[in-house]
Structure formats: structure tokens, C-alpha cells
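# Coordinate analysis (summary)
Chain by chain, the residues run as shown.
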Amino acid sequence: MAVYAFYLIALVVLVSALSVIMARNPVHSVLWLILAFFSSAGLLVLIGAEFLAMLLVVVYVGAVAVLFLFVVMMLDVDFVELKQGTLRYWPFAVLVGVIFAAEIVLATVFGTSTNASTFDASPGAATNTEAIGQVMYTQYLLLFQMAGIILLVAMIGAIVLTLRHRPETKRQNIAKQTSRRRSDAVELKDPTPGQGI
């Protein structure tokens, strides 16, 4: 039965991946992409890699949510038109929800019924999380550190490229603030009664 569950979820992955590149609406493409990621996570649960499945959902689906926001902001999607046509998307949303629920049930029932020792990542490891950490921080430590440095350089480069110095923007001058005197910052007023400052 686990083989049938695998073929069913793999078919959903293929159909959703094709729909990502064939959909004309960018919002639909993002929804199909989320379905593809969830289905891929279901495949990972079926083979006993729960940690990788959770990582796929948390990292990629979270990133897709940010991608969805950027698509909406960059393409200037008309929200009034989207709100007017929401009722016609309900069948599609219900279909995606039913597929999500079916995949969760299949992965839960058939993923836990399989022998976990068959899918162990390394001999003698208690869990696949421990096996991944053991391999990552021993054999592939240099590659792991290099990937982190590349990501750090990419992040700094993105910040430098998008940082703009605008003359009308007020910026804090620490040296000027700490070197000021009391006479420059405080002004004493002596108003007469009944007169405002």
C-alpha cells in the first residue's frame, strides 16, 4: 500500500510542477508551487526522513510566502479585481485542500507502518536527524562552512546593492550628539503670565 501512496503523491508532484510553469496567473503558479513542496515533503515522510520533510515545509513554503508577497508587490496586482473573482476560485481551493488532507493521511498511515530501520541514514544512528548532523558536521564540515560564507556574502551584496542614500532622509550623527554642549541643546524661556512660549 505504501507503493500506491508513493505513486499517488509523486503524480501530484508532477502535475503541480507542470502547473507551476503552465499557469498564466502568477498567484496560481505560487499556489501550485506550494502544493509541489507539500507533496515532496509527503514523499520524504514516506521514506522516513521526517526532519527533511519538516525542513522543506518550513524553509521553502515560508520562502514561497515571501515570494508571493514580492510577486504581488512587483506586478501591481489589482486587489479589487481579485476580490470580485474569489468565488470562482473556491473549487480550486477545495481541491487543493482535499489533496493536502489526503497526503497527510497517506503519509501518516503508511509512513509510520514501514520499518524505520530500513531507511536509516547511517548504521547505528538513533534518528535521521542525528545521522544528518553527524555526517554534516564531520565529513562535510568544510562544504557546510563554505555554503554559509557564500550565503553571507550574497546577503551582504544584496544589502549593498539595494541601499540608497537619499538626501532627504534624516540620519543619526553619533559624534555630533555626544559632543554637544548644554548651551547648544537647552534654551531657557521666561514668559510673562498669560503669555505663551
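In this convention, every chain numbers its residues from 1, walking through the sequence in written order. Whole-chain, interface and lining totals are the exception, using all residues; otherwise, since this is a predicted model, local features are given only for residues with pLDDT of at least 70 and side-chain atom pairs are given and counted only at 80 or more. Based on all heavy atoms of the structure, the side-chain values leave hydrogens and waters out of the count.

- By the naming in an unreviewed UniProt entry, the protein goes by NADH-quinone oxidoreductase subunit J and is assigned to Hyphomonas beringensis.
- UniProt positions are given in the numbering used here, feature names are shortened, and annotations may be inferred rather than shown by experiment. Comment text from UniProt for the protein, heading Catalytic activity (unreviewed entry), reads "a quinone + NADH + 5 H(+)(in) = a quinol + NAD(+) + 4 H(+)(out)".
- What UniProt records for the protein under Subcellular location (unreviewed entry) is the sentence "Cell membrane".

## Concerning the overall build of the protein
- Counting from the N terminus, the helices are DSSP H or I runs at least four residues long and the strands are E runs at least two residues long. Secondary structure assignment for the protein yields nine helices and zero strands.
- When the helices and strands of the protein are listed from N to C terminus, the series reads α-α-α-α-α-α-α-α-α.
- By definition, residues are in contact when any of their heavy atoms lie within 4.5 Å. Considering only intrachain contacts with a sequence separation of at least 6, the fraction spanning at least 24 residues in the protein is 64%.

## Remarks on the packing of aromatic side chains
- Working definition: a ring pair exists when centres of Phe, Tyr or Trp rings (six-membered ring for Trp) sit within 6.5 Å. Plane angles under 30 degrees give stacked, over 60 give edge-to-face, the rest tilted. Across all of its chains, the model carries five aromatic pairs by this definition.
- With centroids separated by 5.2 Å and ring planes inclined at 65°, the aromatic side chains of Trp-32 and Phe-92 adopt a geometry described as edge-to-face. Residue Trp-32 is located in helix H2 (residues 26–46), and its partner Phe-92 is located in helix H5 (residues 90–113); the two are separated by 60 residues in the primary sequence.
- Only protein chains enter the accessibility calculation, which uses a 1.4 Å probe; a residue is then buried when its area is under 20% of its type maximum, exposed when over 50%, and partly exposed in between. Using a relative accessible area of 17% as the deciding quantity, one classes Trp-32 as buried.

## Some points on the pattern of salt bridges
- Salt bridges are defined as contacts in which a side-chain nitrogen from Lys or Arg sits within 4 Å of a carboxyl oxygen from Asp or Glu. For the structure on display, the rule yields two salt bridges.
- In this structure, Asp-184 and Arg-181 form a salt bridge, with 3.5 Å as the shortest nitrogen-oxygen distance. The same class applies to Asp-184 and to Arg-181, which are both exposed.
- When the shortest N-O distance is used, the salt bridge between Glu-187 and Lys-189 registers 3.2 Å.

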